[in-house]
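# Secondary and tertiary structure notes
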Amino acid sequence: MFRSLPSQFSVVVVCLWIGGFLTSGECCAQRPFPTFTGGRVSVSGVSEADWAPLTAFISQVEADSRQTYFIVVVRSSGSGSRATVNYTDRLYAEWQKQSASTEHKLDARRAMIIVLATENRQLAVHAGVDLQENYGLRGQAIDRNFVVPHFIPFARANNQLEGLKQLITKFEQAVDLADSRIQQRSRQSAAVAKRVRKDAVETLISAERVAANIHQLITEQSEAGLELSRYTCLLYT
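What you see is a predicted model; the values in this text were computed from it and never measured.

## Side note on the sheet that holds strand β4 (residues 122-127)
Within the open sheet, the 4 strands sit side by side as β1-β2-β3-β4. Their pairing is mixed. Pairing within the sheet leaves two strands with one partner each, and these edge strands are β1 (41-44) and β4. Strand-to-strand twist in this sheet, taken as the mean axis angle between neighbours without regard to direction, amounts to 15°. As paired elements, strand β3 (residues 111-117) and β4 share 6 bridges and run antiparallel to each other. In the strand pairing of β4, I113 is matched with H126. Helix-sheet contacts for helix α3 (residues 53-62) involve β1 and β2 (68-74), and the interaxial angle to β2 is about 160°.

## Thoughts on unusual backbone geometry
One non-glycine residue, R121, lies in positive phi territory at about 60°. Its identity is not glycine, yet N158 carries a phi of approximately 60°, on the positive side. Its place among the elements puts N158 in the loop between α6 (139-156) and α7 (160-235).

## Examining the pattern of salt bridges
Enumeration over the complete set of coordinates arrives at 4 salt bridges. Between R40 and E62 there is a salt bridge, with the nearest N and O atoms lying 2.9 Å from each other. Of this pair, R40 sits in the loop between α1 (24-28) and β1 while E62 sits in helix α3; the two residues are 22 residues apart in sequence, bridging distant segments of the chain. Owing to a relative accessible area of 23%, R40 belongs among the partly exposed residues under this scheme. The class for E62 is buried, based on a relative accessible area of 17%.

Procedures and definitions
- Residues numbered from 1 in each chain as written.
- Predicted model: local features only at pLDDT ≥ 70, side-chain atom pairs only at ≥ 80, totals over all residues.
- Heavy atoms only, no water.
- Pairing = 2+ DSSP bridges.
- Helix = DSSP H or I, 4+ residues; strand = E, 2+ residues; numbered from the N terminus.
- Axes fitted to C-alpha atoms, helices over the stretch in contact; angles between N-to-C directions.
- Contact = heavy atoms within 4.5 Å.
- Salt bridge = Lys/Arg side-chain N within 4 Å of Asp/Glu carboxyl O.
- Buried < 20%, exposed > 50% of the residue type's maximum accessible area, 1.4 Å probe, protein only.

This is the structure in structure tokens:
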């Protein structure tokens, strides 16, 4: 796929939810956006058949995932080194508007939008707020830990389709690993809390037993003292 592409494939990654506004001139330089339909794969200016396998792949991934993945492949995102970043920024804003007025919803917290511009040889990733804040999927971390090691090698081999699959797979693995660590810490905390409660109960029971024994001893000593006093009293009467 894309045999005409040179071996070098650049990457641009950005956390788009904090992106700024662009001027009208920059907007005019951008390409039209695919309409948001809730479909997981959207294309513009490229062969839809080339990317069709991603639909079944994403469906399989999402069956056991809390994330939703949207792949957008366009022939061109405009001009400039930040063309795909800017395109993705505005695409997300436009899709949010469209989602608000349709039955198809775009999860702002856990959606992943991956835009590939083939002629620009650029990739941009938008991660939902939860994925950024709770899983560290933001900016340079996505670039360094995911795109460069898992997408770029396939892109250089002109197999961007497999690169996108690998990218999604690695995102899922990272989230699953983070969740398992959170669950492990939660189980450990619960186990500690259970032991603390058990120790507290045992300490309380032990203290109550000691108090009961002391009370019984005092009572027995008190009763013995009274009997002695009466005996002495009778003896000297």
